[in-house]
Amino acid sequence: MNHRFVTLLVLLAIASVVNAASPKYVFYFIGDGMGMGHVMAAQSYNREALKNNESILMMQFPVVSMVTTYSASGRVTDSAAAGTALSTGYKTNNGMLGVTPDSVPVTSVARYLKNAGWGIGVVTTVAPDDATPGAFYAHQPSRSMAYEIDKQMATSGYEFVAGSKLRGTKDKEGKPTDIYSHFARNNVSVVKGFDALKGTDSRKVVLLNPDSTDSNCGYTIDSIKGVLNLPGMTQACLDHLLKHSSEQFFMMVEGGNIDYAAHSNDGGAVVKEILNFNQAIKIAYDFYLEHPDETLIVVTADHNTGGLAVRFGDISLVDCQRMSKDEFGSYTKAILNSRRIYTWDDMKVELKARFGFWDKIQISDAQERILIEKFENTFNMRNSADQKTLYNSFNEFSVEVFKIINEKSGFGWIATGHTGDPVPLFAIGRGAYEFMGVHDNTDVPKKIKKIALGE
């Protein structure tokens, strides 16, 4: 037999063995509510406003595919059913967490890896006992059972969990619960803020926002000082796992505020949240560059929120927006609650300072007449018809202001809730090519488990 042919066979055999090896490090990024339109909005801003020739990082990954998202109870999923599918590989009804539709507990990929000796980290910009993070350790018939979910977080044995606040610290009457004692009994340190994290040597840590009254850590666009942020939590989780479980670890990182902003139809906040999400991905990618044969990164979403589409407009106008719709809504509510006399001229000053109206964003006479009408209805007549979304409600003046911002910037919305559209998936690293093609959300954790455990 030709020696060159034999050598080629040997090299191919060696390559097949190497390629069959399992990764030691798995990063699973979930952009809550992040449809392809949301990604393209961030990419458009990246190219047109930031003048970057390279695409945002997730769009540079070699594997790009599509994931269907329907739940067991309908074509449009909620985050609990979608989180359950993405964590366990099982469909369930909307509102149910880590169980089948008949309430049978199902095992998450994180639990399988934990049982195999891997270190586990779960990170989110919303509450760590919310739907998506909770699906990786909890089993409850309802996502609203925060106290019970927190108890299962305490007994999970996971090395690192981070997010805004624990929701199970008070009962339905507003009285304190004993939830912190469950963490203490399981040797879990609960700390608030990055500085407090530096002061603990515990193997098992729950990191919370210093100001833990809000259900999310705060929007990137609002630049709130002192709060947790996704890149910082991602780096803290990575450092913690490298310290306590350096041989093998799994991280689930959720960009939860993408969903919050999309429910509010706040295109500028969505763009800034996805870029913030992209910064967290870069932390994993930099780690991948140091361990290319041992690392897998998968980026996807649980569902599409709002049905965002990129339309004609000047997306660089996002830079004129100095606050989120949620913050502006709170600002206008504070004016209403104060009962102070507030004139249209007062508001024009604020709109120019906060959003660039009449400066960077040109307002026509017709648009100003509508704004004045909405202003009078809201602040003087106090007869505003509120727009109710999943997490907030907005008076008609706030809605009109952001309608103009969206139109000028080129953001088109079809809903304030979820849609049944498929979502994107991006992957790089060991086993990434398993994700080529169209998949259901239940396929994703099954493939991660198969790749990681060499099944």
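Residues numbered from 1 in each chain as written. Predicted model: local features only at pLDDT ≥ 70, side-chain atom pairs only at ≥ 80, totals over all residues. Heavy atoms only, no water.

S.K.: Explain the environment of phenylalanine 249 here, please?
M.R.: Tracing the chain through its elements places phenylalanine 249 in strand E7 (residues 249-255). Residues phenylalanine 249 and proline 445, spaced 196 residues apart in sequence, show a C-alpha to C-alpha distance of 15 Å. Setting aside its immediate chain neighbours within four residues, phenylalanine 249 contacts Lys24, Tyr25, Val26, Phe27, Trp118, Gly119, Leu238, Leu241, Leu242 and Phe287. (Helix = DSSP H or I, 4+ residues; strand = E, 2+ residues; numbered from the N terminus. Contact = heavy atoms within 4.5 Å.)

S.K.: What's the story with the packing of helix H13 (residues 344-355) against helix H15 (residues 396-409) in this structure? I'm lost.
M.R.: Helix-helix packing is described using two parameters, namely the angle between the two axes and the distance between the axes. Taken N-terminus to C-terminus, the directions of H13 and H15 make an angle of 40 degrees; their axes are 13 Å apart at the nearest point. The angle between H13 and H15 places the two elements in the oblique class. Our pair here, H13 against H15, has a crossing hand that is right-handed. Contact residues: H13 offers Trp344, Met347, Leu351 and Phe355, while H15 offers Phe397, Val401, Phe402 and Ile405. Of the residues that constitute the contact of H13 with H15, the class distribution is 8 nonpolar, no polar and no charged. (Axes fitted to C-alpha atoms, helices over the stretch in contact; angles between N-to-C directions. Parallel < 35°, antiparallel > 145°, perpendicular 65-115°, else oblique. Left-handed = near helix turned anticlockwise from the far one by under 90°. Nonpolar A, V, L, I, M, F, W, Y, C, P; charged D, E, K, R; others polar.)

S.K.: How do you make sense of empty space enclosed by the protein when you look at a structure like this?
M.R.: One water molecule sets the probe size; rolling that probe over the atoms shows where empty space is left. Taken as a whole, this structure holds 2 cavities of 30 Å³ or more when the rule is applied. Of the voids in this model, the largest cavity is the one considered here, and its volume is about 50 Å³. Taken together, Asp32, Ser79, Val126, Asp130, Ala131, Thr132, Pro133, Arg143, Glu254, Asp259, Tyr260 and Tyr391 make up the full set of residues lining the largest cavity. Broken down by secondary-structure element, the contributors of at least two residues to the lining of the largest cavity are helix H5 (131-134) and helix H10 (257-263). With 3 residues, the single largest contributor to the lining of the largest cavity is H5. Looking at side-chain class alone, the lining of the largest cavity contains 5 nonpolar, 2 polar and 5 charged residues. In this structure, the second largest cavity spans a volume of roughly 30 Å³. Residues belonging to the lining of the second largest cavity are distributed by class as follows: 6 nonpolar, 1 polar and no charged. (1 Å grid on protein atoms, 1.4 Å probe; cavity = no way out; pocket = protein on both sides within 12 Å on 5 of 7 lines; lining within 4 Å. Points joined across faces, edges and corners; volume = space filled by probe spheres on them.)

S.K.: Help me out: how do you make sense of the layout of surface pockets in this one?
M.R.: Each pocket or cavity is described by its volume, and for the largest pocket that value is around 330 Å³. Residue lining of the largest pocket: 19 residues in total, with Asp214, Asn216, Tyr219, Asp326 and Glu327 positioned closest to the centre. Class assignment of the residues belonging to the lining of the largest pocket gives a composition of 6 nonpolar, 7 polar and 6 charged.

S.K.: How should the side chain of histidine 303 be read in this particular structure?
M.R.: Note on placement: histidine 303 falls in the loop between strand E8 (295-301) and strand E9 (304-305). Among all residues touching histidine 303, those that are not within four sequence positions of it are Asp32, Gly33, Met34, Gly35, Thr69, Thr77, Asp78, Ser79, Asp259, His418 and Val423.

S.K.: Would you mind showing me how to read the packing of aromatic side chains here?
M.R.: Note on aromatic pairs: each is described by the distance of the centres and the angle between the planes. Inspection of every chain in the model, using the stated rule, returns 27 aromatic pairs. Taking the centre distance of 6.3 Å and the plane angle of 40 degrees together, the rings of phenylalanine 328 and phenylalanine 397 count as tilted. Separated by 69 residues along the polypeptide, phenylalanine 328 in helix H12 (residues 325-338) and phenylalanine 397 in helix H15 bring together distant segments of the chain. No difference in accessibility class separates phenylalanine 328 from phenylalanine 397, as the two residues are buried. The residue whose ring lies beneath lysine 348 is tryptophan 358, and the NZ or CZ to ring-centre distance is 4.8 Å. Across from the ring centre of tyrosine 112, 4.5 Å away, lies the NZ or CZ of lysine 449, which sits over that ring. (Phe/Tyr/Trp six-rings, centres within 6.5 Å; stacked < 30°, edge-to-face > 60°. Buried < 20%, exposed > 50% of the residue type's maximum accessible area, 1.4 Å probe, protein only. Lys NZ or Arg CZ within 6 Å of the ring centre and 35° of its normal.)

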